[in-house]
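# Commentary on secondary and tertiary structure
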Amino acid sequence: GSAVEHEGKLFVISGPSGAGKGTICKEVLDEGRNIKMSVSMTTRAPRVGEIDKIHYNFVDRDSFERLIEEDGFIEYADVYGNLYGTPKKDVLGWMEQGIDVILEIDVQGAMQVRQSYPSGIFIFILPPSIEELRKRIEARGSETRETMARRRGMAMEEISSIGRYDYRVINDDLKSAIGKVRAIITAEQCRLDAAEAEMIVNRYKEEL
Ligand code: 5GP
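For clarity, every value in this text was computed on a predicted model and none was experimentally measured. (Residues numbered from 1 in each chain as written. Predicted model: local features only at pLDDT ≥ 70, side-chain atom pairs only at ≥ 80, totals over all residues. Heavy atoms only, no water.)

### Comments concerning unusual backbone geometry
One non-glycine residue with positive phi stands out, namely Lys53, at about 80°. With respect to the helices and strands, Lys53 occurs in the loop between β3 (41-42) and β4 (57-58). Of the residues examined, Lys53 reaches a relative accessible area of 54% and is grouped as exposed. With phi around 60°, Asp71 is a residue other than glycine that occupies positive phi space. Position of Asp71 among the secondary structure elements: in the loop between α2 (61-69) and β5 (73-79). (Helix = DSSP H or I, 4+ residues; strand = E, 2+ residues; numbered from the N terminus. Buried < 20%, exposed > 50% of the residue type's maximum accessible area, 1.4 Å probe, protein only.)

Okay, here's the thing in structure tokens:
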């Protein structure tokens, strides 16, 4: 058999809205061989162009709360009035099969994952500059000053948590940002810990 066999790794990607997380994740997946992305459950309404079960699993509050009671989430959070969560089912199954998993979630959720899966890898995506982030926040639709201020506050709240992440990638150029995230994933897939080192030695001893 192959020299290395282990559980899939869990990659958690966060960053303020407008940093380009979604685009980066999609590209990383398209080229990844052994990596999948979890589809989150949410109580927020679908936006134009969003497809149920592809972008999110859109549910009502009752269904979401039922899954909370059944302990069915790896993490969940209230993001400005809507619930978002990562169901356990797919993610744990994939990891068991040795498939790596990407979660694109907010910082509250990411910190819950850190508690339950300390071996997760936490990546923060930053927009190229403060001006660019402001532009992206202001460009997002017909906004009142109030909702724009709220968006700015949300972005600042996310950025304030950057110290709890393992890696940061600045999305100044999409291609190079994708390359960096991929490099982080590749490096982490090659990371060795004591348990794995011992397992490798034992397998070589048995089979060589
Ligand atoms: P949006 O409504 O713009 O799609 O997402 C709002 C925020 O919720 C983003 O920061 C996104 O990363 C986060 N989010 C999406 N899915 C999940 C999830 O399953 N859990 C948590 N904690 N946050 C999520």
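### Overview of the packing of helix α5 (residues 130-139) against helix α6 (residues 145-159)
For any two helices packed against each other, the geometry comes down to the angle between their axes and how far apart the axes lie. Taken N-terminus to C-terminus, the directions of α5 and α6 make an angle of 140°; their axes are 10 Å apart at the nearest point. Considering their axes alone, α5 and α6 lie oblique with respect to each other. Taken as a pair, α5 and α6 cross one another with a handedness that is right-handed. On the side of α5, the interface is formed by Leu133, Arg134, Ile137 and Glu138, while α6 contributes Met148, Arg151, Arg152, Ala155 and Ile159. Residues that form the contact of α5 with α6 fall into these classes: five nonpolar, no polar and four charged. (Axes fitted to C-alpha atoms, helices over the stretch in contact; angles between N-to-C directions. Parallel < 35°, antiparallel > 145°, perpendicular 65-115°, else oblique. Left-handed = near helix turned anticlockwise from the far one by under 90°. Contact = heavy atoms within 4.5 Å. Nonpolar A, V, L, I, M, F, W, Y, C, P; charged D, E, K, R; others polar.)

### Here we look at the sheet that holds strand β8 (residues 121-126)
Sheet architecture is open: five strands sit in the order β2-β7-β1-β8-β9, paired in parallel fashion. In this open sheet, the two edge strands, each paired with only one partner strand, are β2 (35-37) and β9 (167-170). Along the sheet, successive strands turn relative to each other by an average axial angle of 25°, direction set aside. Where strand β1 (residues 10-14) meets β8, four bridges bridge the pair, whose relative direction is parallel. Looking across to β8, one finds that Val12 is bridged to Phe122. (Pairing = 2+ DSSP bridges.)

### A look at the sheet that holds β4
Reading across the sheet, the four strands line up as β4-β3-β6-β5 and stay open at both edges, with mixed pairing between neighbours. Every interior strand has two partners, whereas the edge strands, β4 and β5, have only one. Examined bridge by bridge, β3 and β4 share two bridges and lie parallel to one another. Across the sheet, the residue bridging to Met41 is Asn57, located in β4. The strands touched by α2 are β3, β5 and β6 (82-87); relative to β5, the strand with the most contacts, the crossing angle is about 140°.

### Brief notes about the pairing of β5
Walk down a regular strand and you will see the side chains alternate between the two sheet faces. As paired elements, β5 and β6 share six bridges and run antiparallel to each other. What sits directly across from Ala77, in β6, is Tyr84.

### Some words on the site of the ligand
Around the ligand sit 14 residues in total, of which Ser40, Arg44, Tyr56, Glu75 and Tyr84 are the nearest. Measuring from an oxygen atom of the ligand, one finds a side-chain N or O atom of Ser40 at 2.6 Å. A distance of 2.7 Å separates a nitrogen atom of the ligand from a polar atom in the side chain of Asp106. Protein contacts shield 89% of the accessible area of the ligand, which totals 510 Å² for the unbound molecule. At three residues, the largest contribution of residues to the shell around the ligand is made by β6. Among the residues forming the shell around the ligand, the class breakdown is four nonpolar, four polar and six charged. (Near = heavy atom within 4 Å. Polar contact = N/O pair within 3.5 Å; in protein donor to acceptor, adjacent residues only side chain to side chain. Areas by Shrake-Rupley, 256 points an atom, 1.4 Å probe, with all protein chains shown as cover.)

Keep in mind these numbers describe shape, not what the thing actually does.
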